[in-house]
Structures are given as structure tokens and as C-alpha cells.
Amino acid sequence: MSPTSLFRYRHGLLLLALLASTALPPGAACGQPVLDTGDLPDNAQWYVHANVQGLRQSDLLAPFYEESLGEAFDDIEEEIGLDLSQELTGVTAFGASIPSDSAAVVLHGLTETSQLAVLDLITEHGELLEMDYAGVSYYQIGKHFGDGNRIDVDDTMLFSFGPEQTLVTSDLTLLQQFIDAGSRLAGTQAPAGDALLVLKASQALVQGGLNPGGVSGAGPFDSSLLENIDQLGGVVSESAAGISLYAKVFAKDDATATYVHNILQGLVSLKALDAGSDPAFNTLVSLLSITSDGPEVTLDLTIPPELAADLVDEL
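In this convention, every chain numbers its residues from 1, walking through the sequence in written order. Totals for whole chains, interfaces and linings use every residue, but because this is a predicted model, local features are given only for residues with pLDDT of at least 70 and side-chain atom pairs only at 80 or more, for both listing and counting. Only heavy atoms go into the side-chain values, all of them from the structure, while hydrogens and water stay out.

Asker: Requested: an account of the overall build of the protein, with residues and values cited.
Answerer: Put simply, DSSP marks the helices as runs of H or I at least four residues long and the strands as runs of E at least two long, and each gets a number from the N terminus on. A count of helices and strands for the protein gives 11 helices and 12 strands. In the structure as shown, the protein presents an accessible area of about 14,600 Å², 52% of it carried by carbon and sulfur atoms. Residue burial considers only the protein chains on display, and all accessible areas are found by Shrake-Rupley using a 1.4 Å probe.

Printed below as a string of C-alpha cells:
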């Protein structure tokens, strides 16, 4: 196996979380329960949680799922030989910075059969180190692989299997907290006062959040405006009323919140002018509500089933 193939293999599981966070709309009826604040370490500055099983079974978003995560599962099966398309129920990714050298991924629903297959694959093609913490085994993928090949990487890939969740990270402390909590993401640390904003819905499909100040100075977050925003979060959910997007922004003061509100309204107006007489977009604009109350800005949109189906078909 070539070094290039080994590198891609080593990051096969992380590919799934990456695609989940970039291909899905921003923000569980089935699979992993709705993510809560206490399910994230208190040093996390961003997260995305995808209810994969809910998306797979969604009446409205199933076609979108097939075009995004479905293709990701195909890539993973081709790369590492595991078919997770009907097995994985959820993916949670989070980190303390962007870009994050210590980002973590939790795969929900990985069966014992697939866990053993992962170990067999690594043992067959590379170096697998088994270690122990509190009587529980965890694993490290070594940097030396078969045929004398070596992949030079700065991070260390650690993973631990639980009955329902699999953690992949380079942070040993986080892995130990995961094991201490019963090999579950829930309860890794108590939330602090500046914990991430986690918005919930009874049929949440995607949740996401960011503390811009915590990652300021990194790429697109090097912004004086974002430095004055404490928290933002969103959730995409499905119900009989259709697909709902609900998001909140908490600014440091009322003036910044008013500024954010005006920017969002301006962007919508500009897009409406660009769309011209597009009936679908004009309907979306009429359904969109952007309000502000003190330092808080709220965005609320519910897309009726018929319109949601049409929009998904156009994606």
C-alpha cells in the first residue's frame, strides 16, 4: 500500500465527519438523541451534529442525503472497505479552534462487527498500538506502516470504542474523560458559563454552533464584528409543517446585535433583488423572520413540505 493510500485510509473515519459538517445545511427524531450542552467539553469552540439516521429516513431530505452523505459513505466503503450507510446513526464533530489540530469526532451506532473490522484493517495494513486506561482498551495508530513506508504526521490519532459511540481524537485527556463517562460523549465535562450555544428541536436533523471570539484570528473569523459576538447556533429540524431552520446570535451589546440584524436583512434584500421574480425564493423571503431583542438576534424559517421538496430537487 502506498504512503498516499495509507494517509487516506488513516483519515477515512474523519472524512465522514468533515463531509457531514460541510455538505449539510447549517444546525433526533431517530438515532442519536438531540445534542445538549453537557454533551460537549467546556473548551469546545465549535461543533456540528448530524442525525444521520434521521436524515436517511427523512421524507423531505432523503434525496439530499443520498447526494451528500450517501456519496461520502460510498467513498469510505471504497477507501477502507466498510459499508456504514445503514449502520451509522449520527456523527458529532467538535474542536477548540479553527483550523483545529485537536478536533474530535464521535461516530454513533458503529456495531461491534464494524469495530472489529476497523481493528483488523489497521492491523493488516499498519501499526496498531493497544493501551489501557481505567481497565478499558483504547488504540493509537502508529506512524510506521507496512513495506517500510512512513507517514510523517504531527498529530496522534487515538480512538476508543464504546457500546454506542466511537471517539476519534488526538486529545488523550478528552479520550480519558470519554472513558470515565462510560465511553459516551455525554457528560465529558460540566458546561461552563461560556459553553457553546446548543439549540434543540424534538426532530432535529442537524445542529451546529460556534463561539466566534474563541476562534478569532483564525482565517474567516479574524473579524472585529465576530469578536463582538459571543455565541451563535442553529438547528435544522423536520415536522409535519416542513423543514425548519432556527438560529440565534448573541452579541456582546445591543448595538452589535442591531448591526448584525441590519446586515442579515440587507443580505436578504440583495439576494431578493438578484433573484428577481423567482417565485420559490420570494416565498422563502416572505416566510423568513429576522428579529432582534437586546443583544439577541433570531432567525426563524419554516419551509412547507411542497416547497422544501422542490428546493431539494434543485440541489
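Let us keep going from here.
Asker: Quick rundown of the pattern of salt bridges? Include the residues and the values.
Answerer: Between Lys or Arg on one side and Asp or Glu on the other, a salt bridge is scored when a side-chain nitrogen of the former is within 4 Å of a carboxyl oxygen of the latter. Under the definition given, this model contains four salt bridges. With a closest N to O distance of 2.2 Å, Glu 296 and Lys 248 form a salt bridge. With Glu 296 in strand S12 (residues 296-303) and Lys 248 in strand S10 (residues 242-251), the pair connects residues that are 48 residues apart, well separated along the chain. Residue burial is assigned from relative accessible area. The probe radius is 1.4 Å, only protein chains are included, and a residue is buried under 20% of its type maximum, exposed over 50%, and partly exposed in between. Owing to a relative accessible area of 22%, Glu 296 belongs among the partly exposed residues under this scheme. Residue Lys 248 is classed as buried on the basis of its relative accessible area of 14%.

Asker: So what's going on with the side chain of Lys 248? Which residues, and what values?
Answerer: Identification of polar contacts relies on pairs of N or O atoms within 3.5 Å, with a donor-acceptor requirement for protein atoms, meaning one able to donate a hydrogen and the other able to accept it, and with residues adjacent in sequence counted only if both atoms are side-chain atoms. Looking at Lys 248, its side chain comes within polar contact range of the side chain of Tyr 246, at 3.2 Å. A polar contact is formed between the side chain of Lys 248 and the side chain of Glu 296, at a distance of 2.2 Å. Ignoring any residue separated from it by four or fewer positions in sequence, one finds Lys 248 in contact with Leu 197, Leu 199, Gln 231, Leu 232, Gly 233, Glu 296, Val 297 and Thr 298. Residues are treated as being in contact if the distance between any of their heavy atoms lies within 4.5 Å.

Asker: Report on a negative patch on the surface, specifying residues and quantitative values.
Answerer: By definition, no residue in a patch forms a salt bridge, and every one has over 30% relative accessible area; like charges are joined within 9 Å, nonpolar side chains (Val, Leu, Ile, Met, Phe, Trp, Tyr) within 5 Å. Think of it this way: Lys and Arg go in the positive column, Asp and Glu in the negative one, and His and the chain ends go nowhere. To locate a charge, the coordinates of NZ of Lys, CZ of Arg, CG of Asp or CD of Glu are taken. Together, Glu 66, Glu 67, Glu 71, Asp 74, Asp 75, Glu 77, Glu 78 and Asp 83 line one region of the surface with negative charge. Secondary-structure elements contributing two or more residues to the negative patch are helix H4 (62-67) and helix H5 (69-80). Its place among the elements puts Glu 66 in helix H4.

Asker: Residue-level account of helix H11 (residues 305-314), with values.
Answerer: Looking only at H11, the buried set comprises Leu 307, Ala 308 and Val 312. The buried residues of H11 occupy an angular sector of 135° when projected down its axis, which confines them to one face. Residues of H11 that are exposed and angled more than 90 degrees away from the buried face: Glu 306, Asp 313 and Glu 314. Working note: the arc is built from the helix axis to C-beta atom directions.

Asker: Explain the sheet that holds S12 to me, and be specific about the residues and the numbers.
Answerer: Any two strands with at least two DSSP bridges between them are considered paired. The antiparallel open sheet is built from 12 strands, whose spatial order is S4-S5-S6-S7-S3-S2-S1-S8-S9-S10-S12-S11. Sheet topology places strand S4 (128-133) and strand S11 (289-293) at the edges, where each strand pairs with a single neighbour. Sheet twist, expressed as the mean angle between neighbouring strand axes with direction ignored, is 15°. As judged from the two bridges shared by strand S5 (residues 136-141) and strand S6 (residues 158-161), these two strands associate in the antiparallel manner. Bridge pairing in S6 links Gln 140 to Leu 158. Only C-alpha atoms enter the line fits that serve as axes; for helices the fit covers just the stretch in contact. Angles between N-to-C directions range over 0 to 180 degrees. Across the sheet, helix H10 (residues 279-287) lies against S11 and S12, angled at about 135° from S12, the strand it touches most.

Asker: Tell me about the pairing of strand S3 (residues 104-108), and please be specific about residues and values.
Answerer: Counting buried positions along S3 gives five out of five residues, so the element sits mostly inside the fold. Where strand S2 (residues 90-95) lies against S3, five bridges are found, and the strand directions are antiparallel. Note that in S3 the partner of Gly 90 across the bridge is His 108. With four bridges connecting them, S3 and strand S7 (residues 165-169) associate as antiparallel partners. Directly across from His 108, in S7, lies its bridge partner Gln 165.

Asker: So what about the environment of Ser 223? Which residues, and what values?
Answerer: Turning to its location among the elements, Ser 223 is positioned in the loop between strand S8 (204-210) and helix H8 (224-227). Residue classification places Ser 223 among the partly exposed positions, given a relative accessible area of 21%. Sequence spacing of Ser 223 and Pro 212 is 11 residues, and the spatial spacing of their C-alpha atoms is 9.0 Å.

Asker: Outline unusual backbone geometry, supporting the account with residue identities and numerical values.
Answerer: Its identity is not glycine, yet Ala 134 carries a phi of approximately 55°, on the positive side. Here Ala 134 shows up in the loop between S4 and S5.

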